[in-house]
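Now for the letters of each chain:
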Amino acid sequence: MAERAERGRPLLLGHRGQRHTRRQIVRYFRSQVIPPDNTLAAFELSLERGCDGFEFDVRYTHDRRGVICHDPDYAGLNVANSQYESLRTARERRETRDSDEQMPCLEDVLARFADRAYLDIEIKIPGFEEEIAEAVRQRTPQCGFVISSFLPPVLHRLHELNSELPLGFVCKDRKLLSCWRELPVSIVIPRINLLSDGLVQEWHAAGKQVFVWTVNRESEMRRLGMWGVDGIISDDTELLVKVFGKRQP
């Protein structure tokens with residue numbers, strides 16, 4: 001099970017590293033400093049700002065390579081039907097600027113951050129659990145990690161492969177929230193509109209940790225801190241660190 005960050009504060013995690021919000025675009029429009037989300041630059045920025053780590057999305061290509069991508073399509077290509085190298089050289093227009101950074105793969109992220117960041121590795125599709133388990137076996141994150149998913153079959157299969165893997169159930173549908181009881185997870189990760197103080201208490205009493213996404217308002221951050229959540233996932237890492245303070249070296 002992941003540990004709470006120092007000084008009792010929750011773990012501070014950048015959503016896809018660092019995402020654009022309207023406030024940030026206004027704040028940084030002139031300097032263009034916000035990199036595209038789910039890139040190595042976005043992950044670096046979340047750590048530079050003082051977060052403990054970041055959440056990122058993993059999909060698999062036709063040749064069974066794990067790439068960091070939220071949507072099923074990238075730069076006009078369907079990820080599941082494309083070869084890894086074709087995606088690596090593709091370019092996609094991203095919000096405030098064109099990205100000149102190649103799409104990273106899971107091994108890239110583990111090689112660069114496994115020794116210095118908490119990693120929330122969200123799996124978007126089923127059928128590649130063996131590859132995921134092997135990747136983290138070869139380069140186990142040393143600052144803590146969770147393999148998370150909306151998909152119960154993915155979590156069950158990962159548990160079958162290695163019962164020691166820390167797993168997290170991501171949920172955005174209130175009707176599915178009770179599924180946590182039947183899942184081999186140590187962390188429950190609800191969308192913020194589903195959470196209440198009572199649920200935090202219930203999950204803690206059951207020995208689960210509670211991460212919350214996506215939290216972008218200061219008032220929400222402070223309320224969740226009072227409730228004692230274990231991790232907060234935010235698009236606005238600058239605000240998140242301003243509220244809770246930077247991680248200790």
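All figures in this text were calculated on a predicted structure; none of them were measured in a lab.

## Things to note about the pattern of salt bridges
Under the counting rule described, the total for this entry stands at 16 salt bridges. Between Arg-19 and Asp-37 there is a salt bridge, with the nearest N and O atoms lying 4.0 Å from each other. Of the two residues, Arg-19 is situated in the loop between strand E1 (11–15) and helix H1 (22–28) and Asp-37 in the loop between H1 and helix H2 (40–48); the sequence distance between them amounts to 18 residues. With a relative accessible area of 10%, Asp-37 lands in the buried category. Across the pair Glu-44 and Arg-112 runs a salt bridge whose closest N-O atoms are separated by 3.0 Å. Of the two residues, Glu-44 is situated in helix H2 and Arg-112 in helix H4 (residues 106–113); the sequence distance between them amounts to 68 residues. Overall, the relative accessible area of 15% leaves Glu-44 in the buried class. Overlapping salt bridges, with partners in common, bring together Arg-16, Arg-19, Asp-37, Asp-57, Glu-122 and Lys-124 in one network.

## What about unusual backbone geometry?
A cis geometry characterises the amide bond from Trp-213 onward to Thr-214, with omega recorded as -25°. Mapping Thr-214 onto the fold places it in the loop between strand E12 (209–212) and helix H8 (218–227). If you check the backbone angles, Arg-16 has positive phi at about 55° while not being a glycine. With respect to the helices, strands and loops of the structure, Arg-16 is situated in the loop between E1 and H1. What makes Arg-16 buried here is its relative accessible area of 10%.

## Structural notes on the pairing of strand E10 (residues 167–171)
In terms of residue burial, E10 counts as a mostly covered element, since five of its five residues are buried. On E10, burial covers both faces: Leu-167, Phe-169 and Cys-171 on one face and Gly-168 and Val-170 on the other are all buried. The pairing of strand E9 (residues 145–149) with E10 spans three bridges and is parallel. Considered in E10, the bridge of Ile-147 is made with Leu-167. Between the parallel elements E9 and E10, the chain passes through helix H6 (residues 152–161) in a crossover that is right-handed.

## What to know about the nonpolar core
Grouped together as the largest cluster of nonpolar side chains are 56 residues, with contacts concentrated most on Phe-54, Phe-56, Phe-113, Leu-119, Ile-121, Ile-147 and Leu-195. The greatest single-element share of this core, amounting to five residues, is contributed by helix H9 (residues 237–244). The residues touching Phe-54, leaving out its near neighbours within four places in the chain, are Leu-13, Gly-14, Gly-17, Phe-43, Ser-46, Leu-47, Val-109, Phe-113, Ala-117, Tyr-118, Leu-119 and Asp-120. One finds Leu-11, Val-146, Ile-187 and Ile-189 within the second-largest nonpolar core, a separate group that totals 10 residues.

## Quick look at the confidence of the model for the protein
Taken residue by residue, the protein gives an average pLDDT of 90. The fraction at 70 or more is 88%. In the predicted structure, residues 1–7 sits below a pLDDT of 50 and forms 25 contacts with residues beyond four places in sequence or in another chain. Contacts from residues 94–98, a stretch scored under 50 in pLDDT, to residues over four places away or in other chains number 14 contacts.

## Focus: H4
All of the buried residues in H4 are Leu-106, Val-109, Leu-110 and Phe-113. Seen along its axis, H4 keeps its buried residues to an arc of 95°; they face one direction. Where H4 is buried, its residues touch H2, strand E2 (53–60), strand E3 (66–68), strand E8 (118–123) and helix H5 (129–138).

Rules used in this analysis
Per chain, the residues get numbers from 1 upward, laid out in the order the sequence is written. Confidence filtering applies because this is a predicted model: local features only for residues at pLDDT of at least 70, side-chain atom pairs given and counted only at 80 or more, and all residues used for totals across whole chains, interfaces and linings. Processing note: side-chain calculations cover all non-hydrogen atoms of the structure and skip hydrogens and water entirely. For salt bridges, the criterion is a side-chain nitrogen of Lys or Arg within 4 Å of an Asp or Glu carboxyl oxygen. Secondary structure elements are taken from DSSP: a helix is a run of H or I of four residues or more, a strand is a run of E of two residues or more, and numbering for both begins at the N terminus. Working definition: with a 1.4 Å probe on protein chains only, accessible area under 20% of the residue-type maximum means buried, over 50% means exposed, and in between means partly exposed. When DSSP finds two or more bridges between a pair of strands, those strands are recorded as paired. Seen with the strands pointing away from the viewer, any crossover whose path from the first strand over the helix to the second strand runs clockwise is right-handed. The nonpolar core is taken to be a set of buried Ala, Val, Leu, Ile, Met, Phe, Trp, Tyr and Cys residues, with the residues joined through side-chain atoms within 4.5 Å. In this description, contact between two residues means that some pair of their heavy atoms is separated by no more than 4.5 Å. The predictor reports its confidence for every residue as pLDDT, a score running from 0 up to 100. To obtain the arc, one takes the directions from the helix axis to the C-beta atoms.

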